Each structure stands twice: as structure tokens, then as C-alpha cells.
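Results of the structural survey
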Amino acid sequence: MIHTLFETPSAYHPSDAEMAAPVPPVQAVLFDFSNTIFQMIDLEPWLRRVGAACDRLAVLDEPGAVAEISDELRAAFRLPSVVALQEGRDLSREQHRRAMWGWWEQVDFLRGAQEAAYRELTAPDAWVPYPDTEPVLRALCERGLRVGIVSDFAWDLRTHLAHQGLDALIDTCVISYEQGREKPDPQLFLKACADLGADPRATLMVGDNPVRDGGATACGLRTYILPAEHRTGERGLAEVLRLVT
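Here's a quick rundown of the structure. (Residues numbered from 1 in each chain as written. Predicted model: local features only at pLDDT ≥ 70, side-chain atom pairs only at ≥ 80, totals over all residues. Heavy atoms only, no water.)

**Topic: the overall build of the protein chain**
Worth spelling out the cut-off: Here a strand is any run of E in DSSP of at least two residues, a helix any run of H or I of at least four, and the numbering for each starts at the N terminus. Per-residue accessibility, obtained with a 1.4 Å probe over protein chains only, is compared with the maximum for each type, and a residue is labelled buried under 20%, exposed over 50%, and partly exposed between these values. Pairs of residues are marked as contacts when any of their non-hydrogen atoms sit within 4.5 Å. Only the protein chains shown count as cover for residues, and the accessible areas themselves come from Shrake-Rupley with a 1.4 Å probe.
When helices and strands are tallied, the protein chain shows 12 helices and 7 strands. Expressed along its principal axes, the backbone C-alpha trace of the protein chain runs to roughly 65 × 40 × 25 Å. Buried positions account for 44% of the 245 residues belonging to the protein chain. Within the protein chain, counting contacts between residues at least 6 apart in sequence, those at least 24 apart form 66% of the total. Of the roughly 12300 Å² of accessible surface on the protein chain, 53% is carried by carbon and sulfur atoms.

Structure representation (C-alpha cells):
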């Protein structure tokens, strides 16, 4: 047994032979969903959908209205009561709805329109892939790699994959609300690897959160963390293809 002065906390225990051998090539790739391969539609189109459903469109046509609502949303999200509601929000649909209701009721435009707002948040076409999502997913499949999603999400994100015609490129989805766990819980990553029949040490996790997605390293996965930018163009996913060669 090898011992080191500075131990790294981990949920896996490779053998001495495995630690001395070359790092295994990547056999499978896991992706975070939100802000990694998909993003929500822009704020204004979403607000307009809500406004159309609640007869509030005229409000959005006033000068500076969208910017003002955006500022209100940001300010409300920092309120201690709202912050507290976000803790563990993706563990269940019910917790997520409570978190959104508590946030939106602090915003004049959304107060009383929470049901419509939530419906438009979860609509199949409310989340869209980045321009480089499909090419990269398709290239991974063509190379024979297994592909999965590990996401903190409070509803079935497969509806968004199917709407965009990308569901056939994903072999498994491990979603927090279905598992009652949130990243960086190792069991989420390990379940995805088991679903794919992949060795965690031969699996790459791609995400945008160094704590949640980077937690995959604790169970043996390699991790690639994207900058947490609100991209309007390609996400930078092509780099993943270089990492798996």
C-alpha cells in the first residue's frame, strides 16, 4: 500500500498497479446540462412568453422595462430568504418550485404569474443547445465513445434533448431530482459510469462548475471545466475532442 504525506480525499481506491500504470484512455464522456451543452433562452423572449400568457405584454413595451426586470431579478436573488430557498432546490420538483416561487414573488412583473413563468421555464423549447453541442456529441458517438449527462435539474431534461433531436446521441441521463442527490455527490457520477459500462478512471466529466462538476475527480474521473460564461456563440466543446484522442 502506497502512503503519501498529503492525501487527497476520494471515494475510490485504485490499486498500486493501477496507480503505477499509464492513465487509461477515455472510454466515455459525461456532460453537465445547463450552461454546458444547453442554455435557457434569453431573458426577454422568456418574459414575453410569460407576458403573453398573463396579459402583461404591454408592460414589456415600456422603455427600459426588460432591463429593470433584469435588475429586480438579480437583486431579489441575493435576498437572504431567496438564497435560503435555493439550497437543495434540484433535489425534487417540489423544492425547485418553492425556490422559484419565492424568488419570483419579489419581482413585480412575475408576482402572481409564477405558474405561467414556471410553465415557460420548463417548456421543451425553452432550453436550446449551443452551436457546437450537436457536432461534438455526434463526433464522440462516431468515435465509439459512450456519452452521458449528469445534471442538477428539477425536471426531465430529456424533453429538451428530444425536442432538439439530440436524444439519440445520449446514452444515459442521471438527473438530481430523480436520484434525490445533487452534485458533487459521487454516487451521481458513479451511477452514470455504471449505466455506460465505463470505468470511472476512463471517463471524462465536462462542466462549468469547479465545485459541483469538479467533484467527479473524487471518484476517479478526469474533469474539464469550462469558463462560466453566458456564451452566445460556440461553447468551446470542440476541445473535448482533443482530450479524448
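**Some words on the environment of D125**
Put simply, the test is: Polar contacts here mean pairs of N or O atoms no more than 3.5 Å apart (in protein, one a potential hydrogen donor and the other a potential acceptor; neighbouring residues in sequence count only if both atoms are side-chain atoms).
By the secondary structure assignment, D125 is in the loop between α7 (114–122) and β3 (127–129). Along the primary structure D125 and L169 are separated by 44 residues, whereas in three dimensions their C-alpha atoms are 18 Å apart. Those residues within four positions of D125 in sequence are excluded, and the remaining contacts are I41, R49 and H163. In terms of polar contacts, D125 uses its side chain to reach the side chain of R49, at 3.0 Å.

**Details of the packing of aromatic side chains**
To keep it simple, the criterion reads: Geometry of aromatic contacts follows a simple scheme: Phe, Tyr and Trp rings, the Trp one being its six-membered ring, pair when their centres are within 6.5 Å, and the pair is stacked under 30 degrees between planes, edge-to-face over 60, tilted otherwise.
Under the criterion given, the structure shown has 12 aromatic pairs. Between F33 and F153, the aromatic rings sit 5.2 Å apart at their centres with planes inclined by 75 degrees, giving edge-to-face as the arrangement. Here F33 is found in the loop between β1 (28–31) and β2 (38–40), whereas its partner F153 is found in the loop between β4 (146–151) and α9 (158–163), with 120 residues between them in sequence. With centroids separated by 6.4 Å and ring planes inclined at 35 degrees, the aromatic side chains of W101 and W104 adopt a geometry described as tilted. Placement of the pair is W101 and W104 together in helix α6 (residues 93–104), with a separation of 3 residues, close to one helical turn. These aromatic residues form a ring-pair network of at least three members: F33, F38, W46, W101, W104, Y118, W127, F153 and W155.

**Observations concerning the packing of α6 against α7**
If you want to describe how two helices pack, look at the angle between their axes and the distance between the axes. Quick reminder of the rule: The axes are straight lines fitted to the C-alpha atoms, using for helices just the contacting stretch, and the angles between their N-to-C directions are given from 0 to 180°. Orientation labels follow simple angle bins: below 35 degrees gives roughly parallel, above 145 gives roughly antiparallel, 65 to 115 gives roughly perpendicular, and whatever is left gives oblique. By the definition used in this description, the sense in which the near helix is turned from the far one sets the handedness, with an anticlockwise turn below a right angle giving left-handed and a clockwise turn giving right-handed.
Where α6 contacts α7, the axes come no closer than 10 Å and their chain directions differ by 125 degrees. Between α6 and α7, the crossing angle belongs to the class labelled oblique. Our pair here, α6 against α7, has a crossing hand that is right-handed. Contacts between α6 and α7 involve R93, H96, R97, M100, W101 and W104 from the first element and Q114, E115, A117, Y118 and L121 from the second.

**Overview of unusual backbone geometry**
It is generally the case that most residues other than glycine have a negative phi and that most peptide bonds are trans. For the bond from K183 to P184, the omega torsion is 15 degrees, close enough to zero to count as cis. With respect to the secondary-structure elements, P184 resides in the loop between α10 (176–179) and α11 (186–196). Phi angles above zero are rare outside glycine, and N35 is one such case at about 65 degrees. The topology assignment puts N35 in the loop between β1 and β2. Of note, the phi angle at D55 is positive, near 60 degrees, even though the residue is not glycine. Its location among the elements puts D55 in the loop between α2 (43–54) and α3 (57–60).

**Section: the sheet that holds strand β6 (residues 203–207)**
Keep this limit in mind: A pair of strands is treated as paired once DSSP finds two or more bridges between them.
As summarised here, the arrangement of the 5 strands in space is β5-β4-β1-β6-β7, forming an open sheet in which the pairing is parallel. Only two strands of the sheet have a single partner each, and these edge strands are β5 (172–175) and β7 (222–225). Strand-to-strand twist across the sheet, computed as the mean angle between neighbouring axes with direction ignored, equals 20 degrees. Taken together, the 4 bridges between β6 and β7 define a ladder with parallel strand orientation. Each residue of the ladder has a partner; that of G207, found in β7, is I225. Sheet strands touched by helix α8 (residues 133–142): β1 and β4. Its angle to β1, the strand with the most contacts, is close to 155 degrees.

**Side note on the state of the cysteines**
Defined as follows: Criterion for a disulfide: a pair of cysteine sulfur atoms at a distance within 2.5 Å.
The full count for this structure, using the stated rule, is 0 disulfides. Between C141, a free cysteine, and C173, which holds the nearest cysteine sulfur, the sulfur-to-sulfur gap is 12 Å.

**Overview of the pattern of salt bridges**
This is how it is decided: We define a salt bridge as a contact between a side-chain nitrogen of Lys or Arg and a carboxyl oxygen of Asp or Glu at a distance within 4 Å.
In the structure shown here, the tally under the stated rule is 19 salt bridges. A salt bridge links R49 to E120, with the shortest nitrogen-to-oxygen separation between them at 4.0 Å. Placement of the pair is R49 in helix α2 and E120 in helix α7, with a sequence separation of 71 residues. The class of E120 is buried, set by a relative accessible area of 15%. With a closest N to O distance of 2.8 Å, R138 and E134 form a salt bridge. One end of the pair, R138, and the other, E134, are both in helix α8, 4 residues apart, so they sit about a helical turn from each other. According to the relative accessible area criterion, R138 is partly exposed, its value standing at 34%.

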